[in-house]
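# Geometric and topological summary
This is what each chain is made of:
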Amino acid sequence: MNIDLKELTQLAPIFRELFKGYHISRAAPELYTQLSNQQDAYRALFKSLGYELVCDSRGFYYFVPEQMGAQVNKTAQRLALFTFILVEHLADQGRDPLAVLDARADTRRLATLARHPAALQIAWADGAGSTGAPFIDYLVGDRERTPIELAADTVEAIAQMPSRHRPSEPPAAAPEPCERPSRADCGLPGTAMVYACFARPGAILPEQFAAWCRILADTAGAVLWLRGATPVVRARLQQAAAGLGIDPHRLIFAAELEPARHAARLPLADLVLDTFPDSGERRCLEALQQGVPVLSRRGRSPGSRRAGALLQAVGLPELVCDGPERLHIEAVRLGRDAARRAALREQLHQRLQADPLHDPAGLARDFAALVRRMVDRLDAGLPPVPLAALPAP
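So, here's what we can say about the structure.

### A look at the pattern of salt bridges
Enumeration over the complete set of coordinates arrives at 12 salt bridges. Taking the shortest distance from any N to any O, the salt bridge between Glu-330 and Arg-326 comes out at 3.3 Å. Remark: Arg-326 and Glu-330 occur in helix H12 (residues 324–336); sequence separation between them is 4 residues, near one turn of the helix. The exposure class assigned to Arg-326 is partly exposed, which follows from its relative accessible area of 38%. When salt bridges with common partners are traced through the structure, they connect Glu-144, Arg-298, Arg-305 and Asp-322 into a single cluster.

The structure is reproduced here in structure tokens:
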């Protein structure tokens, strides 16, 4: 028979009640009336999903318990398999699975989830962290972005992926091969330590800039390579540096270049400094893809942990610092130790060979396994709880 889903106005609450093993009777008049008026359509739809709807002669509806119990295991298998196929298919198409799956990408999707149409509802962690929506069961993240110890900060139960919880875009292919410029071409000193940050000036807080100037003060001859700015902004930054006892000439402003040429010059930097508390995920990703280490500060907010998640994925957790003092010590230590910087670059180069940042197939496998854990709890009648990442097999 043809089923018009528009006529099944109570599909979500009806299925939710029956799926839990409850009966629907005249005690729930809205659901009972809808089931009675559209009984054939509901029965046909549920049958296609593997459930048998029964109308008892005493005046209530229910799913056949034996079949429902058997179907639960099939549901778990189908859900995990479907999720794997969906994420892999989207990745193969070059589409971001998170843009399709993330409920918060569109407020209409979040409004739909407020009606609780599914027995299990999941959101992906982003810079904002928790959705704040009590009808979302799990917030999918990773060890760095959504640590279990901060579970009290989220309405949802945290569910951790074993590595990064989202893939990164591979480096954009240049229309034409770009020659790597020299330091002299970019106005940089030939042998001095080059710290870099290509955040827009508005993303650099005064406290952050002052911290960077203290790093320059403790690293002889070092320079800070910044994104190009208007003459007014440049003058203000130079004035601020002078006020902190730093020669303004130690600030080098990069010319604005197209993305491919900008990527080609990134290896001229020795160390990229991340912004705080708004971590620059894309900027840090570009640096890591070009083999340049990044130093980041970890905060409490998910937005401050973006670069940290990247560094964890490429095997450089020591470059994620807790607190400003630790970041200062590590930045100065690296600025004075060329051998350690070279070792970090080699370590990063080796890790990038395995492509840990662009692994949609691995993401799909990990996500499918995580969903199976969620569904196992659902099948057992257990509420969502934080699911820590499992160690690698």
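### Looking at the packing of aromatic side chains
Inspection of every chain in the model, using the stated rule, returns 8 aromatic pairs. With 5.8 Å between their ring centres and 35° between their planes, Tyr-42 and Phe-46 make a pair best called tilted. Taken together, the residues Tyr-42 and Phe-46, both in helix H3 (residues 39–48) and 4 residues apart, mark about one turn of the helix. Residues Tyr-42 and Phe-46 agree in their burial class; the two are buried. Ring centres of Phe-46 and Phe-63 lie 5.2 Å apart, and the angle between their planes is 85°; on these two criteria the pair is classed as edge-to-face. Taken together, the positions of Phe-46 in helix H3 and Phe-63 in strand E3 (residues 60–63) put the pair 17 residues apart, joining distant regions of the chain. Both residues of the pair, Phe-46 and Phe-63, count as buried. Every member of this aromatic cluster is reached through a ring pair, and the members are Phe-15, Tyr-42, Phe-46 and Phe-63.

### Let's talk about the pairing of strand E8 (residues 223–226)
Of the two faces of E8, both are covered, the one formed by Val-223 and Trp-225 as well as the one formed by Leu-224 and Leu-226. A crossover connection joins strand E7 (residues 194–197) to the parallel E8 through helix H7 (residues 206–217); in handedness this β-α-β unit is right-handed. Bridging between E8 and strand E9 (residues 251–253) involves 3 bridges; their strand directions are parallel. Within the sheet, the bridge partner assigned to Trp-225 lies in E9 and is Ile-252. What joins E8 to E9 is helix H8 (residues 231–243), and the crossover it makes is right-handed.

### Regarding the sheet that holds strand E6 (residues 157–161)
Taken in spatial order, the 3 strands of this open sheet run E4-E5-E6, and their pairing is parallel. Unpaired on one side and paired on the other, strand E4 (122–124) and E6 mark the two borders of the sheet. This sheet shows a mean twist of 35° between the axes of neighbouring strands, independent of strand direction. The sheet contact formed by strand E5 (residues 138–142) and E6 spans 5 bridges and is parallel. Of the residues in E6, the one forming a bridge with Val-140 is Ala-159.

### A look at the state of the cysteines
Should the sulfur atoms of two cysteines be covalently bonded, the bond is a disulfide. All told, the structure shown has 0 disulfides when counted by the stated rule. Left without a disulfide partner, Cys-197 is nearest to the cysteine sulfur of Cys-284, which lies 7.7 Å away. For Cys-197, a relative accessible area of 1% corresponds to the buried category.

### Describing helix H13 (residues 338–353)
Given 3.6 residues per turn, any residue in an α-helix points the same way as the ones three and four places further on. Between the first and last C-alpha of H13 there are 23 Å, a value that for 16 residues agrees with the 22 Å anticipated at 1.5 Å per step. The set of residues buried in H13 consists of Arg-341, Leu-344 and Leu-348. Burial along H13 is one-sided: seen end-on, the buried residues are contained in an arc of 60°. When the buried face of H13 is taken as reference, the exposed residues oriented beyond 90 degrees from it are Ala-339 and Gln-353. Buried residues along H13 sit in contact with helix H10 (281–289) and H12. Just downstream of H13, Asp-355 is the residue with a positive phi angle, here 55°.

### Comments concerning the sheet that holds E3
Reading across the sheet, the 3 strands line up as E1-E3-E2 and stay open at both edges, with antiparallel pairing between neighbours. Two strands bound the open sheet, and with one partner strand each, they are strand E1 (24–25) and strand E2 (53–56). Alignment of E2 against E3, held across 4 bridges, turns out to be antiparallel. Bridge pairing in E3 places Val-54 opposite Tyr-62. The strands touched by helix H1 (residues 11–19) are E1, E2 and E3; relative to E3, the strand with the most contacts, the crossing angle is about 70°.

### Let's talk about the side chain of Ser-296
Secondary-structure assignment places Ser-296 in strand E11 (residues 294–298). Since its relative accessible area comes to 1%, Ser-296 is described here as buried. In this structure, Ser-296 is in contact with Asp-274, Ser-279, Ser-304, Ala-307, Gly-308, Leu-311, Leu-319, Val-320, Cys-321 and Leu-327, ignoring residues within four places of it in sequence.

What counts as what
Residues numbered from 1 in each chain as written. Predicted model: local features only at pLDDT ≥ 70, side-chain atom pairs only at ≥ 80, totals over all residues. Heavy atoms only, no water. Salt bridge = Lys/Arg side-chain N within 4 Å of Asp/Glu carboxyl O. Helix = DSSP H or I, 4+ residues; strand = E, 2+ residues; numbered from the N terminus. Buried < 20%, exposed > 50% of the residue type's maximum accessible area, 1.4 Å probe, protein only. Phe/Tyr/Trp six-rings, centres within 6.5 Å; stacked < 30°, edge-to-face > 60°. Right-handed = clockwise from strand over helix to strand, strands pointing away. Pairing = 2+ DSSP bridges. Axes fitted to C-alpha atoms, helices over the stretch in contact; angles between N-to-C directions. Disulfide = S-S within 2.5 Å. Expected span 1.5 Å × (residues − 1). Arc of directions from axis to C-beta. Contact = heavy atoms within 4.5 Å.

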